[in-house]
Amino acid sequence: MSDTPVIELRNVDKSFGPIDVLHEISLKVKAGEVLCLLGDNGAGKSTLIKTLAGVHAPTRGEVLVDGEPVKFSGPKDAQNRGIATVHQFGGTYPLMSVGRNFFMGEEPTKGFGPFKVFDRKTANKIAVEEVQKMGITRITDGDRLVGGLSGGERQSLAIARAVYFGARVLILDEPTAALGVKQAAHVLRIVNEAKKRGLAVIFITHQVMHAMTVGDHFAVLIRGAIAADFRKGEKSREEITDLMAGGQNMADLEASIEGYMETHDGHPPKVSAD
Amino acid sequence: MDIMTILRRPAAASVISLIGVLLFYIVFGGVDLGKLSGAASWVNYAARIGIVALPVALLMISGEIDISIGAMIPAGAMTTAIIAGHYELPMIFAILGALTIGVVVGLFNGILAVRTSVPTLIITLGTLVAMQGIVLAGSKLLTGGASVPLTAPGWAKTIFGDFIWGGSHQVVIIWWLILAVVFWFIMHQSKYGNWIFAMGGDKVSARNAGIPVDRITILLFVGTATAASFVGMCHAILFNSAQVSGGMNDIFNIIVSVVVGGVLLTGGFGSIVGVFIGTLTFAIVIKGIDFTSIDRNWANLIIGVMLLLAVGMNETFRKKAMTAATKKKKG
């Protein structure tokens, strides 16, 4: 496997008018590697995802795919280059069947001219096979409506779809946030499966445990900038959580409270009533 | 196929409504089924609203609504009568004129719908009222009256406005049947149906999946407005005259038929078979009541109850459809 990252950001800034959302973001992901993007709400995660997915163009800096600088003309362009985004909700249509969901926008047809018929049998067969290959064995009927699947299964379906249609970079936006423990484990297994198949995965989350289970490489995003960048095993769970909660700020706060207690006979500072 | 599988189908509510109405008419109205099934009045009515209900169903499945259809039926009729009757131009111009006005209003609705974030109920409410004004003021201005006679040549009569089977059934019934098959093919067999369902399910995801959401939305609006002006045109040709009318009843009748047919108001779910049966049911309630001993003024009460029951059933069946798990082969 080549060492060129499949996708790379170099010193990317993004501002909306006068508001700077991302500053100097640099990151890269190689094939078969999982990059976990950690950050609290409002840290700029979704702007970063949208920049990677071609929704926003960076204000400054560049995006590279396979080492070549690119400018996405839109989300469809990014998709054509193999960058697939799976959102926490969405990407699937609850009142449609597994087979129809899987092939949305890429329907297999049979027949001629104006009488091209959606090939339900083939669609269902491939969809069920692909989902099962990803380890979701509970889905056996392609006619089943997606609304009847669990959240984890829906995520898995969306991921299996992206993989089947040739995604090389998989951007997962908080895939485990709304899931129970078991369901989340399901999704994490699928992330591992995608990694094994040589996809570059960008896994966005604020659940440190989930990140540590699958991640090879971690980046912590605070107020639009990368506050820490480290590899697997270099930091403990507590350190990461601390970083996400504001890192330096948290330490400063603790220090100031200690200082106050030393000068005030061990009393903590009074919290003012207003 | 067990009973639950049938109940989960989008057409379930419409079939139950149809059976319920027929039973009600038989038990309480003493209806003569032989006479009812041979009668033309309700079939003609079903065809008239059914031709518009089909494209409205597609639009509602895609998550939008069009109420300007109410003004487009008289607009199509008046255009036909003014061109062929008042100005005595060849019929072909009248037909093209009626269809063009449908396409133009449809484009207007559709483009506004995709360019603005105004709900389509409001956009089409605007075009509804505006078109009512244009039709009334326009025909007063051009012809000096609100009712215009016309004479249609034989070929136009045969194709658009004649009686068939030697009785009082209108030729629009055949148009309705053909269109129902065409719409069924689009919705349930072609990939475009898939796209329309997806748009009603989640518009953002549909767009991300590369579906030309805006273009389809505009086309669907063109479909509803053109179907409505087509129905008006057929009417003018059949009855040799056209009058200005508000068409308010048609709006609600068509939308009720679609909802009774199992289409969810929130979009994303429904079927052409259901809408077809829903339209039949609606027509039987409105026109079939004349074949019962029930006072016809009760018909609206039945419609109201039926609508509420249908919406309730749609909701229940939708939940059933979602929770439907395939039975495990073992255990």
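Residues numbered from 1 in each chain as written. Chains lettered and ligands numbered in written order. Predicted model: local features only at pLDDT ≥ 70, side-chain atom pairs only at ≥ 80, totals over all residues. Heavy atoms only, no water.

- Looking at an unreviewed UniProt entry, chain B carries the name Xylose transport system permease protein XylH, with the source organism given as Marivivens niveibacter.
- Regarding chain B, the UniProt comment filed under Function (unreviewed entry) reads as follows: "Part of the binding-protein-dependent transport system for D-xylose. Probably responsible for the translocation of the substrate across the membrane."
- As its UniProt record puts it under Subcellular location (unreviewed entry), chain B is described as follows: "Cell membrane". (UniProt positions renumbered as here; feature names shortened; annotations may be inferred.)

- Chain A carries the name ABC transporter ATP-binding protein in an unreviewed UniProt entry, which gives Marivivens niveibacter as its organism.

### Side note on the overall build of chain A
For step 1, the next point in the chain: Within chain A, the regular secondary structure consists of nine helices and twelve strands.
For step 2, the next point in the chain: Taken over the C-alpha atoms alone, chain A extends approximately 85 × 40 × 40 Å along its principal axes.
For step 3, the next point in the chain: Going through the 274 residues of chain A one by one, you find that 48% of them count as buried.
For step 4, the next point in the chain: Restricting the contact set of chain A to residue pairs at least 6 apart, pairs at least 24 apart contribute 66%.
For step 5, the next point in the chain: Counting only carbon and sulfur atoms, one obtains 52% of the accessible surface of chain A, whose full area is about 13400 Å².
For step 6, the next point in the chain: Here chain A carries 33 positive and 34 negative side-chain charges, and the mean point of each set is 11 Å from the other. (Helix = DSSP H or I, 4+ residues; strand = E, 2+ residues; numbered from the N terminus. Buried < 20%, exposed > 50% of the residue type's maximum accessible area, 1.4 Å probe, protein only. Contact = heavy atoms within 4.5 Å. Areas by Shrake-Rupley, 256 points an atom, 1.4 Å probe, with all protein chains shown as cover. Lys, Arg positive; Asp, Glu negative; His and termini not counted. Charge placed at Lys NZ, Arg CZ, Asp CG, Glu CD.)

### Quick notes on the packing of helix 10 (residues 191–201) of chain B against helix 12 (residues 213–239) of chain B
All names here are of chain B.
For step 1, the next point in the chain: In the contact formed by helix 10 and helix 12, the axes pass within 11 Å of each other and the chain directions differ by 100°. With respect to their mutual orientation, helix 10 and helix 12 come out roughly perpendicular. The residues of helix 12 that touch helix 10, namely those facing Trp195, Ile196 and Met199, are Val213, Ile216, Thr217 and Leu220.
For step 2, the next point in the chain: A per-class count over the contact of helix 10 with helix 12 returns six nonpolar, one polar and no charged. (Axes fitted to C-alpha atoms, helices over the stretch in contact; angles between N-to-C directions. Parallel < 35°, antiparallel > 145°, perpendicular 65-115°, else oblique. Nonpolar A, V, L, I, M, F, W, Y, C, P; charged D, E, K, R; others polar.)

### Quick notes on the nonpolar core
For step 1, the next point in the chain: Core analysis: the biggest nonpolar cluster contains 105 residues, and Tyr25(B), Met91(B) and Ile211(B) have the highest contact counts within it.
For step 2, the next point in the chain: Counting residues per element, this core draws most heavily on helix 4 (residues 41–61) of chain B, which supplies 16 residues.
For step 3, the next point in the chain: Those residues in contact with Met91(B) that lie beyond four places of it in its chain are Thr80(B), Ala84(B), Leu150(B), Ala152(B), Pro153(B), Trp155(B), Ala156(B) and Ile237(B).
For step 4, the next point in the chain: In this structure, Val187(A), Ile190(A), Val208(A) and Ala211(A) belong to the second largest nonpolar core, which totals 48 residues. (Core = buried A, V, L, I, M, F, W, Y, C linked by side-chain atoms within 4.5 Å.)

### Here we look at the packing of helix 2 (residues 12–29) of chain B against helix 14 (residues 272–288) of chain B
Residue and element names in this part refer to chain B.
For step 1, the next point in the chain: Orientation of helix 2 relative to helix 14, taken along the N-to-C sense of each, is 20°, at an axis distance of 8 Å. If you check the angle between helix 2 and helix 14, you find them roughly parallel. The handedness of the crossing between helix 2 and helix 14 comes out as left-handed. Here Ser14, Val15, Ser17, Leu18, Val21, Leu22 and Tyr25 of helix 2 come into contact with helix 14, specifically with Gly274, Ile277, Gly278, Thr281, Ile284, Val285 and Gly288.
For step 2, the next point in the chain: Class assignment of the residues belonging to the contact of helix 2 with helix 14 gives a composition of eight nonpolar, six polar and no charged. (Left-handed = near helix turned anticlockwise from the far one by under 90°.)

### Examining the interface of chain B and chain A
Reports often express the size of an interface as the amount of accessible area lost when the parts come together.
For step 1, the next point in the chain: Taken together, the contact between chain B and chain A spans 28 residues of the former and 24 residues of the latter.
For step 2, the next point in the chain: Buried surface at the junction of chain B and chain A, both sides included, amounts to about 2100 Å², of which 57% is carbon and sulfur.
For step 3, the next point in the chain: Along the contact surface separating chain B from chain A lie zero salt bridges.
For step 4, the next point in the chain: At the junction of chain B with chain A, the criterion picks out seven residue pairs in polar contact (both at pLDDT 80 or more).
For step 5, the next point in the chain: Mapped by element, the contributors of at least two residues to the side of chain B that touches chain A are helix 9 (172–189), helix 10, helix 11 (203–208) and helix 15 (299–323) of chain B.
For step 6, the next point in the chain: In terms of residue count, the dominant contributor to the side of chain B that touches chain A is helix 10 of chain B (six residues).
For step 7, the next point in the chain: Per-class residue counts for the side of chain B that touches chain A are 13 nonpolar, twelve polar and three charged. (Buried area = accessible area lost by both parts, 1.4 Å probe. Salt bridge = Lys/Arg side-chain N within 4 Å of Asp/Glu carboxyl O. Polar contact = N/O pair within 3.5 Å; in protein donor to acceptor, adjacent residues only side chain to side chain.)

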